[in-house]
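# Examining the three-dimensional arrangement
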Amino acid sequence: MPDSPQVPATGIGPLALVEYPHPALLRPAKPLVRIDEAVCDAVSQMFDIMYEAEGIGLAANQVALPYRLFIVNTTGRRGDGQELVFINPVLSRPRGTAIQEEGCLSLPGLRMDVRRPEKIVVEAWSLDGQPIRLDLGGLLSRVVQHEFDHLEGKLFTDRLPEAAAIEARRTLETFREVFLGQQSRGELPAHDDIVARLDRLQVDRCQA
Ligand code: NI
């Protein structure tokens, strides 16, 4: 992990799940170069949010943080299974093909079959700065690939074959209408304010 810049960063504050088409979900996240207390607190909040929503993985974009970081616990239960934190992950060595139904906490209610490589290697950093290298198959491989897509600003709906993509598009349109409605009623910040916050968080903890 590169040295942290010496300028103090601003805090992150309380986090909440965001849904499509929140701008954080649609822009690629940036590598973290500063792992400070605020990031550790954010990760802790992310586990709370993931368990509460009954998810098994959660990417930073899904709580409106523009960082290359995601968490996984394939059991979806606190105190059960293994809590994994992947910072600045890189995927390699895709092998095989598997089709499996996926859902996403940022697209609640939508579940569709998604084709992905069956196995991959993930390299990343843990929260305490230790290098991670795992050769994955099965559910953990699936979740890691799904969460990695989030960091690229992609959703599982970007990986559907044509017919399924057309079906999904209608649902996405409904999500968009709901989101714009919430913005117009002031229940969500305006687009420019969301983007300004993402830019500031990025300046604080990512490489220029
Ligand atoms: Ni997701």
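Look up a bit, the structure's there.
Because the structure is a prediction, the values reported are computed rather than measured.

Calculation criteria
- Residues numbered from 1 in each chain as written.
- Predicted model: local features only at pLDDT ≥ 70, side-chain atom pairs only at ≥ 80, totals over all residues.
- Heavy atoms only, no water.
- Helix = DSSP H or I, 4+ residues; strand = E, 2+ residues; numbered from the N terminus.
- Rg over C-alpha atoms; globule rule 2.2 N^0.38 Å.
- Core = buried A, V, L, I, M, F, W, Y, C linked by side-chain atoms within 4.5 Å.
- Buried < 20%, exposed > 50% of the residue type's maximum accessible area, 1.4 Å probe, protein only.
- Pairing = 2+ DSSP bridges.
- Axes fitted to C-alpha atoms, helices over the stretch in contact; angles between N-to-C directions.
- Contact = heavy atoms within 4.5 Å.
- 1 Å grid on protein atoms, 1.4 Å probe; cavity = no way out; pocket = protein on both sides within 12 Å on 5 of 7 lines; lining within 4 Å.
- Points joined across faces, edges and corners; volume = space filled by probe spheres on them.
- Nonpolar A, V, L, I, M, F, W, Y, C, P; charged D, E, K, R; others polar.
- Donors = N, O, S within 2.8 Å, 3.2 Å for Na, K, Ca; no water.

### Topic: the overall build of the protein chain
A tally of helices and strands in the protein chain yields four helices and seven strands. For the protein chain, the α and β elements follow one another from N to C terminus as α-β-β-β-β-β-β-β-α-α-α. For a compact globule of 208 residues, the expected C-alpha radius of gyration is about 17 Å, and the protein chain comes in at 17 Å, within 12% of that figure. For the C-alpha atoms alone, the extent of the protein chain along its principal axes is close to 50 × 45 × 35 Å.

### Looking at the nonpolar core
Ranked by internal contacts, the top residues of the largest apolar core, which has 24 residues, are I12, L15, L58, L65, Y67, L69 and I71. Residue assignment for this core shows that the elements contributing at least two residues are α1 (37–52), β2 (69–72) and β3 (84–95). It is α1 that provides the largest number of residues to this core, a total of nine residues.

### Looking at the environment of R133
Structurally, R133 can be placed in strand β7 (residues 131–136). Overall, R133 belongs to the exposed group, its relative accessible area being 52%. For the pair R133 and V90, spaced 43 residues apart in sequence, the C-alpha to C-alpha distance is 9.6 Å.

### Considering the sheet that holds strand β1 (residues 57–59)
The strand order across the open sheet built from five strands is β1-β2-β3-β6-β7, with neighbouring strands paired in antiparallel fashion. Every other strand in the sheet has two partners, leaving β1 and β7 as the edge strands with one partner each. On average, each strand axis in the sheet is tilted by 35 degrees relative to the strand beside it, whichever way the strands run. Here β2 runs beside β3; their pairing, made up of four bridges, is antiparallel. The partner of V72 across the bridge, within β3, is L84. Lying on the sheet, α1 is in contact with β1, β2 and β3; it crosses β2 at an angle near 40 degrees.

### Brief notes about the layout of surface pockets
In this structure, the largest pocket spans a volume of roughly 410 Å³. As for the largest pocket, its lining consists of 22 residues, and the residues nearest its centre are I56, E102, G103, C104 and R111. Elements supplying a minimum of two residues to the lining of the largest pocket: β4 (98–102) and α2 (138–151). Here the lining of the largest pocket gets five residues from one element, more than from any other, and that element is α2. Taken together, the residues of the lining of the largest pocket sort by class into nine nonpolar, seven polar and six charged.

### Digging into the coordination of the nickel ion
At the metal site, the nickel ion is ligated by C104 (SG), H146 (NE2) and H150 (NE2), and these contacts range over 2.1 to 2.3 Å. By relative accessible area, H146 is classed as buried at 8%.

### Some remarks on the pairing of strand β5 (residues 112–116)
By the alternation rule, side chains of β5 split into M112, V114 and R116, which are all buried, and D113 and R115, of which none is buried. Where β4 lies against β5, five bridges are found, and the strand directions are antiparallel. In the sheet register, A98 faces β5, and the bridge partner there is R116.

### Regarding unusual backbone geometry
Going from Y20 to P21, the amide bond is cis rather than trans, its omega being 0 degrees. Mapped onto the fold, P21 is located in the segment before α1. A positive phi angle, close to 60 degrees, is found at E54, a residue other than glycine. Looking at where E54 falls in the secondary structure, it is placed in the loop between α1 and β1.

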